[in-house]
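For reference, the chains in residue letters:
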Amino acid sequence: MHTPRRPRLLAALLLTPLLAGCFASGGDSGERSDGKAGSRLRVALAFPPAEQLSPYGADATILSRLGVTEGLTALDGNGAAAPALAASWRREDGRTWLFTLREAAFQDGTDVTPAAVVTALTRATEAEPAPAALTGVTLTAEAEGGTGVRVTTAEPDPVLPLRLSSPSLAILSSKAYAKKDAVDPVGTATGPFELTEVTGTTSADLDRFDDYWGGRARSAGIDARFIADGTARANALRTGQVDLAEAIPVAQAATLDADTRRETATTRTTSLLLNTKSDVFEDASLRAAARAAIDTSALAKGVYEGHADAGAGIYGPAVTWAESRRVAPVGRAKAGRPDGASITLATYDNRPELPEVAQVLKQQLENAGFTVKLEVREYARLESDALAGKFDAFVGARNSLLDTGDPVSLLGSDFTCDGGYNLALLCDNDVDRAVAQAQAVSDTGERQRAALAAEAVILGTDAVVPLVHQRVVTGVGAKARGVLLDPYERTLVGTGTRR
């Protein structure tokens, strides 16, 4: 399934005139004219704001990747909670945690106080729809003295510090919440870079926040442009118009010099979800037949051209603790005979590789004896039908640790009877029991082991077939330094990012 290289390069060259003016305003040097030391970074982002940069939805990661927002905690390289605006924390009882704030300031000049944090967390709990990190969780926050914030949950939540690392639970100053039904992150966050201007879904300008608690950033600011077309992003980097370009499509990676490509294993897995309530895949033996028909290495080497790893489980190689502890699937049915059973396989085209993945799967399933109809739409026009079970099978990409950093939360939302994102419509007593057991574990290592035990039970149902574990390709200009290549896809620039 390789596409010839030459047409891709030609397409990139043809886009040069279209991009010539995108980054012209800052000049080629990127130097400031207002006396601030340091060059400005020019960054091309893949996904334009969809919700006016509200921290409560998909735009939250735009803010965190640009170094604008922070939460009480962050994720470290091992997926554990690390200090951010909270310098430390302790669990007081089953439902209550006390977080101690560090000395820090908001970008509007006010101090990060317990009262400000309480306001921010309370507004997040009131948001509609609720941030993904708070799905199924009820929490309240109250100030404790001059530096403490006490957070109480309705039910015991052993991973609350992980949950509070979510970009959707960023802490903003009271000024951000001046309007009842809106949140304004411009000049109200705590990160090393301050939003100064947002031009719709086209661009955003940021200046260095000199009073950042973590130290002064090396760059004077960031000129961010939202370029949805992957070919255009790759071409902007290749021609020197940007210093960083995120999410370079596999099809465009070859147009970049090898020393400008940075490939990072991520916690995002592309999977085939089989609708356990459909006429065909209600039969476990036919789910087993579909799973047995799929050659995941062909997808990794063909569709992704080596920029992905063959599916090993719900958690991929970027989840470093999973590889050595993984448990073999349990309880799998014996593969049956499809005998021409007709199925509809659906996916979305927002991620350009997915339709090609679906086309390869169609061929593999037909070779195994299924009759397959393929349906491709934009994700926004597909999600509701997928959740309603209108397709027999669905190909999607899911970041297992983006929302909360907790491996068990994904299992609960995606594979239990009451899961809010259960595209397989799986309702299995053994699965629910295994996930519930994992949810009750508080020790980090034991919780990871419990998550892998639950993964083995889920994979044993053949309701989900992990296809590939994605590696993200980031375009990094020759002069750029200190780029944060994050497997959780939460960060991109920080205090040391510069050119």
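Preceding this paragraph is the structure being described.
Quick look at the structure, then. This is a predicted model, so every value here is computed, not measured.

**With respect to the packing of helix α13 (residues 407–415) against helix α14 (residues 429–439)**
Where α13 contacts α14, the axes come no closer than 9 Å and their chain directions differ by 150°. The angle between α13 and α14 falls in the class roughly antiparallel. Every pair of crossing elements has a handedness; the one defined by α13 and α14 is left-handed. Residues V408, L411, G412 and F415 of α13 touch α14, and the partners they reach there are V431, D432, V435, A438 and Q439.

**Looking at the environment of G405**
Of note, G405 is situated in the loop between β16 (393–399) and α13. Between the C-alpha atoms of G405 and L45, which are 360 residues apart in sequence, the distance is 23 Å. With residues near it in sequence (within four places) discarded, G405 still touches L75, G79, L162 and R490.

**Considerations on the packing of aromatic side chains**
Given two aromatic rings, one states the distance between the centres and the angle between the planes to describe the pair. In this structure the tally under the stated criterion is six aromatic pairs. Ring geometry for W89 versus F99: centroids 6.1 Å apart, planes at 35°, classification tilted. Pair noted here: W89 is in strand β4 (residues 86–93) and F99 is in strand β5 (residues 96–101), with a separation of ten residues, a long-range link. By relative accessible area, which is 24% here, W89 ends up partly exposed. Joined through ring pairs, the aromatic side chains of Y348, Y379 and F394 make up one cluster. Here the basic side chain of R102 rests over the ring of W213, its NZ or CZ set 3.9 Å away from the ring centre.

**Overview of the sheet that holds strand β7 (residues 148–153)**
Within a sheet, neighbouring strands are paired by backbone hydrogen bonds and run either parallel or antiparallel to one another. The sheet built from four strands is open, its strands ordered β4-β5-β7-β6 with antiparallel pairing. Lying at the two open borders of the sheet, with one neighbouring strand each, are β4 and β6 (139–144). For this sheet the average axis-to-axis angle between neighbouring strands, irrespective of direction, equals 20°. With six bridges joining them, β4 and β5 adopt antiparallel strand pairing. Paired with W89 across the two strands is F99, which belongs to β5. Against the sheet, helix α4 (residues 114–126) contacts β5, β6 and β7, and its axis sits at roughly 170° relative to β6.

**Details of the state of the cysteines**
Taken as a whole, this structure holds one disulfide when the rule is applied. Paired through a disulfide, C417 and C427 show a sulfur-sulfur distance of 2.0 Å. Measuring the twist about the S-S bond at about 100°, one finds the C417-C427 disulfide to be right-handed. With a gap of ten residues between them, C417 in the loop between α13 and α14 and C427 in the loop between α13 and α14 connect regions that are remote in the sequence.

**Remarks on the pattern of salt bridges**
A complete count under the given rule lists 29 salt bridges for this structure. As a salt-bridge pair, E489 and R268 come within 3.1 Å of each other at their nearest N and O atoms. Of this pair, E489 sits in the segment after β17 (464–476) while R268 sits in strand β12 (residues 261–274), and the two are 221 residues apart along the sequence. In this structure, E489 and R268 share a single accessibility class: buried. Each of R90, E92, E142, E144 and R150 takes part in salt bridges that share partners, so that together they form one network.

**Some remarks on the environment of E378**
Of note, E378 is situated in the loop between β15 (371–377) and α12 (383–387). Of the residues examined, E378 reaches a relative accessible area of 46% and is grouped as partly exposed. Placed 29 residues apart in sequence, E378 and D349 show a C-alpha to C-alpha distance of 5.6 Å. Ignoring sequence-local partners within four residues, the contact set of E378 consists of Y348, D349 and N350.

**Some words on unusual backbone geometry**
As a rule of thumb, non-glycine residues mostly have phi less than zero, and peptide bonds are mostly trans rather than cis. Cis geometry is adopted by the peptide bond preceding P129, which originates at E128 and carries an omega value of -5°. Inspection of the secondary structure assignment puts P129 in the loop between α4 and β6. The backbone phi angle of Q52 is positive, close to 55°, even though this residue is not glycine. In this model, D339 sits at a positive phi of 50°, which is unusual for a non-glycine residue. As for its placement among the helices and strands, D339 is situated in the loop between α10 (320–323) and β14 (342–348). Its relative accessible area of 61% is what places D339 among the exposed residues.

Basis of the calculations
- Residues numbered from 1 in each chain as written.
- Predicted model: local features only at pLDDT ≥ 70, side-chain atom pairs only at ≥ 80, totals over all residues.
- Heavy atoms only, no water.
- Axes fitted to C-alpha atoms, helices over the stretch in contact; angles between N-to-C directions.
- Helix = DSSP H or I, 4+ residues; strand = E, 2+ residues; numbered from the N terminus.
- Parallel < 35°, antiparallel > 145°, perpendicular 65-115°, else oblique.
- Left-handed = near helix turned anticlockwise from the far one by under 90°.
- Contact = heavy atoms within 4.5 Å.
- Phe/Tyr/Trp six-rings, centres within 6.5 Å; stacked < 30°, edge-to-face > 60°.
- Buried < 20%, exposed > 50% of the residue type's maximum accessible area, 1.4 Å probe, protein only.
- Lys NZ or Arg CZ within 6 Å of the ring centre and 35° of its normal.
- Pairing = 2+ DSSP bridges.
- Disulfide = S-S within 2.5 Å.
- Salt bridge = Lys/Arg side-chain N within 4 Å of Asp/Glu carboxyl O.

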